[in-house]
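Coordinate inspection notes
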Amino acid sequence: MASPPVAAILESLATAGKAFDKNEAGSREALIENSRALVAALEIPSEFIQRSFWAEPAMSANIAIAVDVKLFQHLKEAGDAGLSGAALAEKTGFDVDLLERLARHLVAMNILTYHDGAFHATALSKSLAEENYQHSISFCYDAARASFNGFPEFFKKTAYKSPASGGLDGPFQDAHKTKLPFFEWLVATPPYLQYFGSFMSAYRAGKANWYDAGFYPVAERIITGFDAEASDVLLVDVGGGGGHDVAAFAAQYASRPGKIVLQDRESVIAGVLASTEERSYEAQPHDFFTPQPIHAARAYSLHSILHDWSDEKGVKILENLVPALKKGYSRVLLNEIVVSEEKPTLAATSMDMMMLAHFAVRERTEANWRAILAKAGLKVVNIYTYPGVAESLIEAELA
Ligand SMILES: C[S@@+](CC[C@H](N)C(=O)[O-])C[C@H]1O[C@@H](n2cnc3c(N)ncnc32)[C@H](O)[C@@H]1O
């Protein structure tokens, strides 16, 4: 399909702008998407190459340096007065001339501002000064970027074949000269396990959850019709990590019927049980490659679980769930990216590139999801989306 003409993009921008003024869900993301389309329609090749291959790599590098020398924190602390190049150089241990050149590029890239003889923080740079984002930047720059930089050589070397699904000789291993799976490399290479944890908690920040109003109709689909005689469990979160989803779900549906259960690996659940914080859910160790111990719950949610695994392993995880399901009653809720073939979003394809680089696995299209579910004896009931949110909610049940 040809790119839309500039006039059509401007019209879409105006529509999204009106929606943004009314605070409509997804309008901010629509404005960004249309702005990117506008740049793509206007930029000539020399500008495209300049932006993509020098300006953005230099910006990422300067931001990684900013993390090392706490540049964003110094500007945040300076408040409205900002800091002159000389003052900022003194605080960061930089040569003034070099500091001013690197910081000026961050001004040109809208990360900082410069006025009245001083560099100033922006709302973005203030957020980037927070620990979660600082760690995310270090993880992405040191660990992820190397795999992407190595794509051309790696795929040439491997004759442009897809890497063996879930295998241990993918772009990540090649770039980091390791035989370790990604997660083991993180453990063996401090502080990247900690940085990755921050990255995971930061990357969905500010986005709607599947159980928020307007996304998956929780009351209609799982609370209505709850049958305490089938099981006293309303929701099981399989591979729910530290319990952030179940805690938020329990708080939002405080007057719901039934129990909520968090399941994950023994080591993860031990951490949850060791916490002194009051819990609104039960926590149970469960390896999802073994049969699901809770039968006939109303719903089983798997959030960002299957995308970590090959189709073969994904089917095994689902097959271990299937005997626990009550036909016509239990719902399987997969909170996952569904990659659109027609109109793929940057959020979906960049996560697909992350999965290709680090795990040699993939984000899936709707056809891929239907196939993997069918292999395990399940069928899709409906796919719910929320404007501007990368992950959909796929509701499935016994076929
Ligand atoms: C990508 S994280 C998703 C965590 C959480 N559902 C979320 O969306 O934030 C994958 C989770 O799967 C868990 N996991 C990995 N292997 C597992 C297994 N064999 N059995 C149970 N949980 C497992 C991990 O401990 C981790 O919490």
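Remember, predicted model here, so these are calculated numbers, not experimental data.

1. Remarks on the site of the ligand
Taken together, 17 residues lie near the ligand, and Gly 239, His 244, Asp 264, Asp 287 and His 303 sit nearest. A distance of 2.9 Å separates an oxygen atom of the ligand from a polar side-chain atom of Arg 204. Asp 264 places a polar side-chain atom, nitrogen or oxygen, 2.6 Å from an oxygen atom of the ligand. Protein burial of the ligand: of its 590 Å² of free accessible surface, 85% is covered by the chains.

2. Thoughts on the environment of Phe 182
Along the polypeptide, Phe 182 turns up in helix H11 (residues 182-188). Take Phe 182: its relative accessible area is 2%, and that puts it in the buried class. The spatial distance from the C-alpha of Phe 182 to the C-alpha of Ala 143 is 9.7 Å, given a sequence separation of 39 residues. Once you skip the residues sitting within four places of it in the chain, Phe 182 turns out to touch Phe 139, Phe 172, Gln 173, Phe 196, His 358 and Phe 359.

3. Examining the UniProt feature "domain: O-methyltransferase C-terminal" (unreviewed entry) in the protein
Per the UniProt record, "domain: O-methyltransferase C-terminal" (unreviewed entry) is annotated on residues 220-378. Between the end C-alpha atoms of residues 220-378 the distance is 21 Å, and the span holds 36% helix and 21% strand.

4. Brief notes about the domain arrangement of the protein
Domain annotation of the protein identifies domain 1 (6-128), domain 2 (131-203) and domain 3 (218-398). For domain 1, the biggest contributors to the area lost against domain 2 are Ala 64, Val 67 and Leu 128; these three give 59% of the whole. On inspection of domain 1 and its partner domain 2, the count reaches zero salt bridges. For the pair domain 1 and domain 2, the number of links is two residue pairs in polar contact (both at pLDDT 80 or more).

5. Quick word on the environment of Val 236
Relative to the assigned elements, Val 236 resides in strand S3 (residues 233-238). Its relative accessible area of 0% is what places Val 236 among the buried residues. Beyond its immediate sequence surroundings of up to four residues, Val 236 is in contact with Val 261, Gln 263, Gln 292, Ile 294, Ala 297, Ala 299, Tyr 300 and Ser 301.

6. Here's the deal with the UniProt feature "domain: O-methyltransferase dimerisation" (unreviewed entry) in the protein
Within this structure's numbering, the places UniProt gives as "domain: O-methyltransferase dimerisation" (unreviewed entry) are residues 59-129. The distance separating the terminal C-alpha atoms of residues 59-129 is 16 Å; by composition the span is 65% helix and 8% strand.

7. Considerations on the nonpolar core
Core analysis: the largest hydrophobic core is formed by 30 residues, its most contacted members being Leu 302 and Leu 334. For this core, the secondary-structure elements that each account for two or more residues are S3, strand S6 (299-303), helix H16 (311-321), strand S7 (331-339), helix H18 (366-375), strand S9 (378-384) and strand S10 (391-398). Here this core takes four residues from H16, the largest share from any one element. Contact partners of Leu 302, with chain neighbours within four places excluded, come to Val 238, Ile 317, Leu 321, Val 332, Leu 333, Leu 334 and Asn 335. Among the nonpolar cores identified, the runner-up in size contains 27 residues, and Trp 210, Val 246, Ala 250 and Tyr 386 belong to it.

8. A word on the pairing of S10
Within a regular strand, side chains alternate between the sheet's two faces. With respect to burial, S10 is a largely interior element, eight of its eight residues being buried. Relative to S10, S7 runs antiparallel, the two being bridged by six bridges. Pairing of Asn 335 across the sheet is with Leu 393, part of S10. Two strands pair when backbone bridges link them, and S9 and S10 are joined in this way by six bridges, in the antiparallel orientation. Counterpart to Lys 379 in the pairing with S10 is Glu 397.

The rules behind these values
Residues numbered from 1 in each chain as written. Predicted model: local features only at pLDDT ≥ 70, side-chain atom pairs only at ≥ 80, totals over all residues. Heavy atoms only, no water. Near = heavy atom within 4 Å. Polar contact = N/O pair within 3.5 Å; in protein donor to acceptor, adjacent residues only side chain to side chain. Areas by Shrake-Rupley, 256 points an atom, 1.4 Å probe, with all protein chains shown as cover. Helix = DSSP H or I, 4+ residues; strand = E, 2+ residues; numbered from the N terminus. Buried < 20%, exposed > 50% of the residue type's maximum accessible area, 1.4 Å probe, protein only. Contact = heavy atoms within 4.5 Å. UniProt positions renumbered as here; feature names shortened; annotations may be inferred. Domains from an automatic or database assignment. Buried area = accessible area lost by both parts, 1.4 Å probe. Salt bridge = Lys/Arg side-chain N within 4 Å of Asp/Glu carboxyl O. Core = buried A, V, L, I, M, F, W, Y, C linked by side-chain atoms within 4.5 Å. Pairing = 2+ DSSP bridges.

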